[in-house]
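Each chain, written out:
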Amino acid sequence: MTAKKNFLDAMKFRHACKLFDKTKKISKANQNYILELGRLSPSSMGLEQWKFVVIEDKDTNQLLQEACYNQPQVGTASFNVIILAKVEELKPGSKYLENILQRYGINKEKRRNRYEQFYHQIKDIKSWGVAQCHIAAANMMTGAAFIGIDSCPIGGFDSDKVKRLLKLKLKYQEVALIISFGHRAKDAPKKMRLSFDEVVEFY
Ligand SMILES: Cc1cc2nc3c(=O)[nH]c(=O)nc-3n(C[C@H](O)[C@H](O)[C@H](O)COP(=O)(O)O)c2cc1C
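As the structure is a computational prediction, the values presented were derived from the model and not from experiment. (Residues numbered from 1 in each chain as written. Predicted model: local features only at pLDDT ≥ 70, side-chain atom pairs only at ≥ 80, totals over all residues. Heavy atoms only, no water.)

### Here we look at the pairing of strand β4 (residues 173–182)
And then number 1: Of all 10 residues making up β4, 10 are buried, and the element is well covered by its neighbours.
And then number 2: Across eight bridges, strand β2 (residues 79–86) lies against β4 in antiparallel orientation. Directly across from Lys 86, in β4, lies its bridge partner Gln 173.
And then number 3: Pairing analysis gives five bridges linking strand β3 (residues 150–154) to β4, with the strands arranged antiparallel. Each residue of the ladder has a partner; that of Ile 154, found in β4, is Ile 178. (Buried < 20%, exposed > 50% of the residue type's maximum accessible area, 1.4 Å probe, protein only. Helix = DSSP H or I, 4+ residues; strand = E, 2+ residues; numbered from the N terminus. Pairing = 2+ DSSP bridges.)

As structure tokens, this is what we get:
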């Protein structure tokens, strides 16, 4: 019962924090814990098609804020995680995929064939990758809330500007989402959600 209550409390504690207290830094241990939750997240076909780029330097956070339509939670965050969805590395035959396939030992060939068929059926490889990144993002935010750390998911960014900031080759990766982490500067607003009956249907 306590575990359930604690988890629900964390879900209620988490909100899209619009401004962080700049004086409150998140420890390295807690930062690593949050990133570990991303790493352990599930992904379609187990491809882990993400990269977590951590920005913790004050000036770079400020530059990132400018690439996020000047949203102040980005610049005041203790750190930001830019989640990149892999695109180029998902092409059949890539070094990245070969490395992942090594895990499957004698089933490697079966897995490779299955993936190649699947790859050619997917119409939008970027959106597929971005969807996986959002799952990792949710786990990081909920896990952070569980230990009293605030966050804000940032989908409002200029992708080209973020890529320029990271000096990324444009077509190789897609910026999926940015998450700002820190401690709230103000109380959270009241949580607004549709009722259980409006969102759940027992068929
Ligand atoms: C994919 C995604 C992108 C979002 N982008 C932004 C954003 O750019 N800026 C922002 O302030 N909130 C952003 N949000 C937060 C939502 O606005 C927020 O979660 C929603 O209004 C519900 O509020 P709550 O999270 O505080 O309960 C985003 C949320 C998601 C899931």
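Read on, since the account is not over.
### Here we look at the site of the ligand
And then number 1: Close to the ligand lie 15 residues; Ala 16, Lys 18, Gln 71, Gly 155 and Lys 191 are nearest.
And then number 2: Residue Gln 71 places a side-chain N or O atom 2.7 Å away from a nitrogen atom belonging to the ligand.
And then number 3: In the complex, 59% of the free accessible area of the ligand, which totals 620 Å², lies under the protein chains.
And then number 4: When residues of the shell around the ligand are assigned to their parent elements, the largest contribution, three residues, is made by β3.
And then number 5: Here the residues of the shell around the ligand sort into five nonpolar, six polar and four charged. (Near = heavy atom within 4 Å. Polar contact = N/O pair within 3.5 Å; in protein donor to acceptor, adjacent residues only side chain to side chain. Areas by Shrake-Rupley, 256 points an atom, 1.4 Å probe, with all protein chains shown as cover. Nonpolar A, V, L, I, M, F, W, Y, C, P; charged D, E, K, R; others polar.)

### Digging into the packing of aromatic side chains
And then number 1: All told, the structure shown has five aromatic pairs when counted by the stated rule.
And then number 2: With centroids separated by 5.1 Å and ring planes inclined at 25°, the aromatic side chains of Phe 79 and Phe 181 adopt a geometry described as stacked. Taken as a pair, Phe 79 in strand β2 and Phe 181 in strand β4 lie far apart in primary sequence, 102 residues in all.
And then number 3: Assessed through its relative accessible area of 1%, Phe 79 is described here as buried. (Phe/Tyr/Trp six-rings, centres within 6.5 Å; stacked < 30°, edge-to-face > 60°.)

### Section: the packing of helix α2 (residues 28–39) against helix α7 (residues 125–146)
And then number 1: Running from amino to carboxyl end, α2 crosses α7 at an angle of 145°, the nearest separation of the two axes being 8 Å. Once α2 is placed against α7, the crossing between them reads as right-handed. Of the residues in α7, those touching α2 at Tyr 33, Ile 34, Leu 35, Leu 37 and Gly 38 are Ala 136, Asn 139, Met 140, Gly 143, Ala 144 and Phe 146. (Axes fitted to C-alpha atoms, helices over the stretch in contact; angles between N-to-C directions. Left-handed = near helix turned anticlockwise from the far one by under 90°. Contact = heavy atoms within 4.5 Å.)

### A few points about the nonpolar core
And then number 1: Ranked by internal contacts, the top residues of the largest apolar core, which has 20 residues, are Ile 34, Ile 83, Met 140, Ile 179 and Phe 181.
And then number 2: Of all elements in the fold, only α2, β2, α7 and β4 reach the threshold of two or more residues within this core.
And then number 3: No other element matches α7, which puts seven residues into this core.
And then number 4: Counting residues in each nonpolar core, the second largest holds 14 residues, with Leu 64, Phe 157, Leu 168 and Ile 178 among its members. (Core = buried A, V, L, I, M, F, W, Y, C linked by side-chain atoms within 4.5 Å.)

### Description of the packing of helix α3 (residues 58–67) against helix α8 (residues 159–166)
Two numbers describe a pair of packed helices, the interaxial angle and the distance between the axes.
And then number 1: Interaxial distance between α3 and α8 falls to 8 Å at its minimum, and their mutual angle equals 155°. Regarding the angle of α3 to α8, the classification is roughly antiparallel. The chirality of how α3 crosses α8 is right-handed. Here Thr 60, Leu 63, Leu 64, Glu 66 and Ala 67 of α3 lie close against α8, whose contacting residues are Lys 161, Val 162 and Leu 165.
And then number 2: In terms of residue class, the contact of α3 with α8 is built from five nonpolar, one polar and two charged. (Parallel < 35°, antiparallel > 145°, perpendicular 65-115°, else oblique.)

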